[in-house]
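Fold and geometry: a report
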Amino acid sequence: MKNGARQRGKGAALAALFTCALFSTLPARAETRPARVVSINLCTDQLAMLIAGKGQLLSVSAIARDPQSSAMVKEAEGFPVNHGQAEEIFLQKPDLVLAGVYTTRATVGLLKELNIRVEQFSPETSFDDVKASMRRMGSLLGQKARAEALVGQIDAELDRLKRLPRSGKLAALYYANSYTSGSGTLAHAALEVAGLENLAARLGIQGTASIPLEALVLAMPDVVVAGDRDYEPPALAQENFVHPAFRALIEHSGEVAMPVRNTVCGGPFTLAAVHMLRAAAGQELVSR
Amino acid sequence: MMASRGYWLLIGGLAVVTVVLFVLSLALGPAGIAFGESLSALFSGDGGPIVLIMQEIRLPRAILGLMTGATLGLSGAVLQGLLRNPLAEPGLIGISSSASLGAVLAIYTGLSAAFPLGLPLAALAGALIAVLVVQVLAGSGGVLTVILAGVAVSSFASAMTSLALNLSPNPFAALEIMFWMLGSLADRSMTHVWLATPFILAGWLMLASLGRALDALTLGADAAASMGVDLNRTRRFAILGTALSVGAATAVAGAIGFVGLVIPHLLRPLTGGLPSRLLPASALGGASMILAADILVRFVAPGRDLKLGVLTAIVGAPFFLWLVWKSRRDLL
């Protein structure tokens, strides 16, 4: 108890020191490179793992190792995990904490009060957002060159994909709890690049919202892209996938499973989702 | 004779309202299908989208609305007669939340996926335990004991339901507490209808047979016994009938409150205070209330999956407070 309190006191002093050092050197050097970075949000976990230098990233959030949510499970195995609790983050004495704008506000607020630098990232809703996040991550981590290289790869692949013929087929994204992604979402952007029309956007749905099963059946889309359907153990959220009306629909439309992990955050894996979608629409990729 | 004719008018009127709401429930929905087209699609054999919507999405929803509502109205009327307590109702005395707990345990452990009948059976077991606990406690005390026991059973069951959902590793489970506490008929399927119907019908038969015995009970337990009413049999039928029908209805539609409270109270003055007349009227009234609430949730906030219990509580809670206020004045 006593020991913990002392350590915490020491930690606070250290953190304050680090923060002061960081801010005082900011204008002086072109690229500061924080040495102890902790990420507590799945999307920043993945961006940081892609861009951080060796030893720079201390820990990632536990979700980064969850194969249902994370597209970079293998990479995450190489890092210790945190559970986004202010106390455990504080004890790791980070000089930079990466969080999402919707990450538990209480935790972020507490960390800021303890004078720890917290940078928050908004969820990406387009490929431009993804590239902007990568560049921002690059400059925060002092790894601009690595970030630019990554952005370059994504741009090249996007260019190539956009030149391929569009099938224009009608695709419906259908997740657990009858949710779908309309315009202004990364999943929608992936459909666009894959040359498909998003049913939810046609119905005027913006962002992620639920779509009545009736509307889905009535539209008779060419492809149903199902996400999240194989969580174990079962929950009511997945009952929409065993509904007789849905079963009859996919007999007509055909179903492709697209893991939500590819579009929940942006990264090179989002382009993998585009490939999956093109393949689902019966348009194999033209060889490179 | 006059009272009798008025009673049949009431039953006839309620039946017409129920049928109209049932048809509206079939005809209205987000897909916006023309009225005639939707009804003819119900009997059509081709596999087009409209037929699919009518037969596999709207029909089960309307049937479950009808059955759940009738169950809640009927069991509310029976419990109020049996316990001679105006506040007895499946929701308030914890039967619905205990049935929810049973159903939650069956679904989230994977039991119902391996053995579909496990779902209604587990809900039935939950409901049965709750009725027994309340019945035992009610036997020894007055009006207040039933409600106190019910509050305890109901909050315990809700807490355990939320614990079970929190412990599930499935990330969606925790949010589903809303369904289990407030109830919904959205996107239920024929599978749910087939699972619940046998139990609900069996429960109805047992509850409906109690009319005469409950009439006698209005004169007090001793008087009823002297009139040849088998009190133990009455009690057994009421308990088992409630557990069967409320358990099965809750397993597929979640716990919906206040219907069993409001409907018998509204209809009691119109049925001359005779339970044998109140039972069918309450069943029809309950069915109408749930069907109407289920039509409203589709239009008040479409796309938000508003829960049925929200609407029944908006009507039911002020009514309940008024009832408490009134009985408080009676006590003074």
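What you see is a predicted model, and the numbers here were worked out from it, not measured in a lab. (Residues numbered from 1 in each chain as written. Chains lettered and ligands numbered in written order. Predicted model: local features only at pLDDT ≥ 70, side-chain atom pairs only at ≥ 80, totals over all residues.)

**Looking at the overall build of chain A**
- Along the backbone of chain A there are 13 helices and 11 strands.
- Buried residues in chain A amount to 44% of all 288 residues.
- Intrachain contacts of chain A at a sequence separation of at least 6 include 62% that bridge at least 24 residues. (Helix = DSSP H or I, 4+ residues; strand = E, 2+ residues; numbered from the N terminus. Buried ≥ 20, exposed ≤ 12 C-beta atoms within 10 Å, placed from the backbone. Contact = placed C-beta atoms within 7 Å.)

**Side note on the overall build of chain B**
- Helix and strand counts for chain B come out as 15 helices and 0 strands.
- Taken against the 2.2 N^0.38 rule, which gives 20 Å for 332 residues, the C-alpha radius of gyration of chain B at 20 Å falls within 12% of a compact globule.
- Projected onto the principal axes, the alpha-carbon positions of chain B cover approximately 60 × 55 × 35 Å.
- Considering chain B as a whole, with its 332 residues, one finds that 53% of them fall into the buried category.
- The contacts of chain B with a sequence gap of at least 6 include a subset with a gap of at least 24, amounting to 78%. (Rg over C-alpha atoms; globule rule 2.2 N^0.38 Å.)

**Structural notes on the pairing of strand 4 (residues 96-100) of chain A**
Residues and elements named next belong to chain A.
- Taking burial as the measure, the 5 residues of strand 4 include 5 buried ones, the bulk of the element.
- Covered by surrounding structure in strand 4 are L96, L98 and G100 together with V97 and A99, the residues of both alternating faces.
- Pairing analysis gives 3 bridges linking strand 1 (residues 37-39) to strand 4, with the strands arranged parallel. Note on strand 4: the bridge partner recorded for V37 is L96. (Pairing = 2+ DSSP bridges.)

**Brief notes about the pairing of strand 5 (residues 118-121) of chain A**
Residue and element names in this part refer to chain A.
- Across 4 bridges, strand 4 lies against strand 5 in parallel orientation. Bridging from a neighbouring strand, L98 pairs with E119 of strand 5.
- Handedness of the crossover joining strand 4 and strand 5 through helix 5 (residues 105-113): right-handed. (Right-handed = clockwise from strand over helix to strand, strands pointing away.)

**Comments concerning the domain arrangement of chain A**
Residue and element names in this part refer to chain A.
- Looking at the assigned domains, one finds that chain A contains domain 1 (2-155) and domain 2 (166-280).
- Each partner contributes to the interface: domain 1 provides 18 residues, whereas domain 2 provides 15 residues.
- Listing elements by their share of the side of domain 1 that touches domain 2, those giving two or more residues are helix 2 (42-51), helix 6 (127-141) and helix 7 (144-163).
- In terms of residues, the side of domain 1 that touches domain 2 owes the most to one element, helix 2, which gives 5 residues. (Domains from an automatic or database assignment.)

**Overview of the environment of V151(A)**
Residues and elements named next belong to chain A.
- Tracing the backbone through its elements, the reader meets V151 in helix 7.
- With 17 C-beta atoms packed within 10 Å, V151 lands in the partly exposed category.
- Put simply, V151 and R135 are 16 residues apart on the chain and 7.6 Å apart in space, counted from C-alpha to C-alpha.
- Not counting residues up to four positions away in its chain, the partners in contact with V151 are K131, M134 and R135.

**Thoughts on the interface of chain A and chain B**
- If you look at the interface, chain A gives 23 residues, while chain B gives 27 residues.
- Mapped onto the side of chain A that touches chain B, the elements with two or more residues apiece are strand 9 (208-210), helix 10 (213-219) and helix 11 (244-253) of chain A.
- Considering every element that reaches the side of chain A that touches chain B, the biggest residue donor is helix 10 of chain A, with 5 residues.
- Here the side of chain A that touches chain B is composed, by residue class, of 17 nonpolar, 5 polar and 1 charged. (Nonpolar A, V, L, I, M, F, W, Y, C, P; charged D, E, K, R; others polar.)

**Here's the deal with the sheet that holds strand 11 (residues 255-257) of chain A**
Residue and element names in this part refer to chain A.
- Reading across from one edge, 8-6-10-11 is the order of the 4 strands in this open sheet, with parallel pairing throughout. The open sheet is flanked by strand 8 (197-198) and strand 11, the only strands paired with a single partner.
- One ladder, built from 2 bridges, connects strand 6 (residues 170-174) with strand 8; its direction is parallel. The partner of A171 across the bridge, within strand 8, is N198.
- Seen against the sheet, helix 11 touches strand 10 (223-226) and strand 11 and runs at an angle of roughly 125° to strand 10. (Axes fitted to C-alpha atoms, helices over the stretch in contact; angles between N-to-C directions.)

**Topic: unusual backbone geometry**
All names here are of chain A.
- A positive phi angle, near 65°, is found at N115, a position not held by glycine.
- Note on placement: N115 falls in the loop between helix 5 and strand 5.
- Despite not being glycine, N177 has its phi angle at roughly 65°, a positive value.
- Along the polypeptide, N177 turns up in the loop between strand 6 and strand 7 (179-181).

**Description of the packing of helix 3 (residues 49-82) of chain B against helix 12 (residues 231-253) of chain B**
Residue and element names in this part refer to chain B.
- Axis separation between helix 3 and helix 12 bottoms out at 9 Å; the angle between their running directions is 150°. Here helix 3 is positioned roughly antiparallel relative to helix 12, judged by the angle of their axes. Regarding helix 3 and helix 12, the two cross each other, and that crossing is left-handed. Residues L64, M67, T68, T71, S75, V78, L79 and L82 of helix 3 lie in contact with helix 12, whose contacting residues are R235, A238, T242, S245, V246, A249, V252 and A253.
- Broken down by class, the residue content of the contact of helix 3 with helix 12 amounts to 10 nonpolar, 5 polar and 1 charged. (Parallel < 35°, antiparallel > 145°, perpendicular 65-115°, else oblique. Left-handed = near helix turned anticlockwise from the far one by under 90°.)

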